[in-house]
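Working through the structure, step by step
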Amino acid sequence: MDLRHIAQSEGRLLRFLRRELGLSSGLVRRLKFREAFLVNGVPVHTDFPVRPGDEIRVLLDERAPDYPAEPGPLDILYEDEAMIALDKPAGLIMHPTYNRTAGTLANRVLAHYQQTGQACAVHPVSRLDRDTFGVVLLAKNAHVHTLLIGAPKEKIYEALVVGTPFPLAGTVDAPIARLSPTSLLRCVRTDGKPAVTQYETLEPGEISLVRLRPVTGRTHQLRVHMAFIGCPILGDPQYGRAEKFTQQLCARTLRLNHPLTGAAMEFTSKQPLRRE
């Protein structure tokens, strides 16, 4: 992917990179050693004097990451040169870790890029727990990732929970902290970080269907908050009780404006929630 801009004034290239094209200072530092900045087709340094009418071009193709590409099924909801939205299945980890470099969604995405001739990296914008399924968004380069991370987004989840929330709709405003300094689990505690979830019961019952809107984005927030109000997510083995099926939490809809065009975008998962 390339960024292009026709200069309307004079100035050093760095000013156009930061103000007109919106590149972060960190990205400029990384790109300047790769001859990624061109003016009228010629590689130049960031102090190059730009004149009106000059074409500025930034080459954003990225180097392959240090984990393997692994072909595997991908449910692609949307893709263009800037980003890709996927419908992630349950049971699939998002990204490799130090101890695990294979068998993740990112390995499949990297294989997709290679198969389609795209020199892209994998930059998750939204992340889901292994057993949470639904919409995830990934940027194809660091510049788009920065734009997306800082942009307003509306995330809507659906879940099956044990019992009926009371009241049927409301807001859970309860700080979340680590259960212990070394634990991966979270809990509601007064010394935790602020965490807010809005919920609405769509179908009340012994197993209720709820719609969830996270106002903040704490780790395990929806699972912790629903357990806190006495209605843990069905099948949640950590904050509820283990069942014979996967926890029933779906990232149903993601709404945002396109980072480059500003167009309104909406991505929706088609995966069903299951009571049994």
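For the structure given in this document, a descriptive report is provided here. (Residues numbered from 1 in each chain as written. Predicted model: local features only at pLDDT ≥ 70, side-chain atom pairs only at ≥ 80, totals over all residues. Heavy atoms only, no water.)

Quick word on the layout of surface pockets
Definition in use: Here a cavity denotes a set of grid points, spaced 1 Å apart and computed over the protein atoms alone, in which a 1.4 Å probe fits but from which it cannot get out, and a pocket denotes an open set meeting protein on both sides within 12 Å along at least five of seven lines; residues with an atom within 4 Å of a point are reported as lining. Grid points are joined across faces, edges and corners, and a volume is the space filled by probe spheres set on the points. Secondary structure follows DSSP: runs of H or I at least 4 residues long count as helices, runs of E at least 2 residues long count as strands, and numbering of each begins at the N terminus.
Size it by volume and the largest pocket reaches roughly 1200 Å³. In terms of lining, the largest pocket is formed by 42 residues, of which the most central are Arg127, Leu128, Asp129, Thr219 and His220. Secondary-structure elements contributing two or more residues to the lining of the largest pocket are strand 11 (153-162), strand 16 (207-214), helix 5 (221-228) and strand 17 (249-257).

Quick notes on the side chain of Ser126
Let me state the cut-off plainly: Using a 1.4 Å probe on the protein chains alone, a residue whose accessible area is under 20% of its type maximum counts as buried, one over 50% counts as exposed, and one in between counts as partly exposed. We call two residues contacting when some pair of their heavy atoms lies within 4.5 Å.
Of note, Ser126 is situated in the loop between strand 9 (123-124) and strand 10 (133-139). Residue class for Ser126 comes out buried when judged on its relative accessible area of 8%. If we ignore the near neighbours within four places in the chain, the residues touching Ser126 are Met94, Val135, Val136, Leu137 and Lys155.

Some points on the nonpolar core
Keep this limit in mind: Definition of nonpolar core: a set of buried residues of the types Ala, Val, Leu, Ile, Met, Phe, Trp, Tyr and Cys, connected through side-chain atoms within 4.5 Å.
Counting 33 residues, the largest nonpolar core has Leu17, Leu23, Val58, Leu137 and Phe267 as its most contacted members. The residues contacting Leu17, other than those within four sequence positions of it, are Gly22, Leu23, Val28, Phe37, Thr46, Ile56 and Val58. In this structure, Cys120, Leu222, Cys231 and Leu249 belong to the second largest nonpolar core, which totals 29 residues.

Notes on a positive patch on the surface
Inclusion rule: Any residue with relative accessible area above 30% and no salt bridge may belong to a patch, with like charges joined within 9 Å and the nonpolar Val, Leu, Ile, Met, Phe, Trp and Tyr side chains within 5 Å. For every accessible area listed, the method is Shrake-Rupley and the probe measures 1.4 Å; residues are considered covered only by the protein chains on display. Criterion for a salt bridge: a side-chain nitrogen of Lys or Arg within 4 Å of a carboxyl oxygen of Asp or Glu. For the purpose of counting charges, residues Lys and Arg are taken to be positive, whereas Asp and Glu are taken to be negative. His and the chain ends are not included. Charge placement uses NZ in Lys and CZ in Arg. For Asp and Glu, CG and CD serve respectively.
Side chains of Arg18, Arg29, Arg30, Lys32, Arg34 and Arg63 sit close together on the surface and give a patch of like positive charge. With respect to the helices and strands, Arg30 occurs in helix 2 (residues 25-31). A relative accessible area of 49% means that Arg30 is categorised as partly exposed.

Section: the sheet that holds strand 3 (residues 37-39)
The strands making up a sheet associate through hydrogen bonds between their backbones, and the pairing can be parallel or antiparallel. How we decide: When DSSP finds two or more bridges between a pair of strands, those strands are recorded as paired. To define axes, lines are fitted to C-alpha atoms, for helices over the stretch in contact only, and angles between the resulting N-to-C directions are given on a 0 to 180 degree scale.
Spatial strand order, 1-6-3-4: four strands in an open sheet with antiparallel pairing. Unpaired on one side and paired on the other, strand 1 (2-6) and strand 4 (42-43) mark the two borders of the sheet. Sitting on the sheet, helix 1 (residues 13-20) touches strand 1, strand 3 and strand 6 (55-59), and the angle it makes with strand 6 is about 70°.

With respect to the pattern of salt bridges
Per the counting criterion, the structure on display carries 15 salt bridges. In this structure, Lys140 engages Glu79 in a salt bridge whose closest nitrogen and oxygen atoms are separated by 2.8 Å. Placement of the pair is Lys140 in the loop between strand 10 and helix 4 (142-149) and Glu79 in strand 7 (residues 76-79), with a sequence separation of 61 residues. Judged by relative accessible area, Glu79 falls into the partly exposed class, the value being 29%. A salt bridge links Arg275 to Glu203; the nearest nitrogen and oxygen atoms lie 3.4 Å apart. Placement of the pair is Arg275 in the segment after strand 18 (264-268) and Glu203 in strand 15 (residues 196-203), with a sequence separation of 72 residues. According to the relative accessible area criterion, Arg275 is partly exposed, its value standing at 43%. Bridged by salt links that share partners, the residues Asp2, Arg4, Glu55 and Arg57 form one connected network.

A few points about unusual backbone geometry
In the segment running from Phe166 into Pro167, the intervening peptide bond is cis, with an omega of -5°. By secondary structure assignment, the location of Pro167 is in the loop between strand 11 and strand 12 (169-173). Backbone geometry places Asn40, a non-glycine residue, at a positive phi of 55°. Relative to the helices and strands, Asn40 resides in the loop between strand 3 and strand 4.

By themselves these figures say nothing about function.
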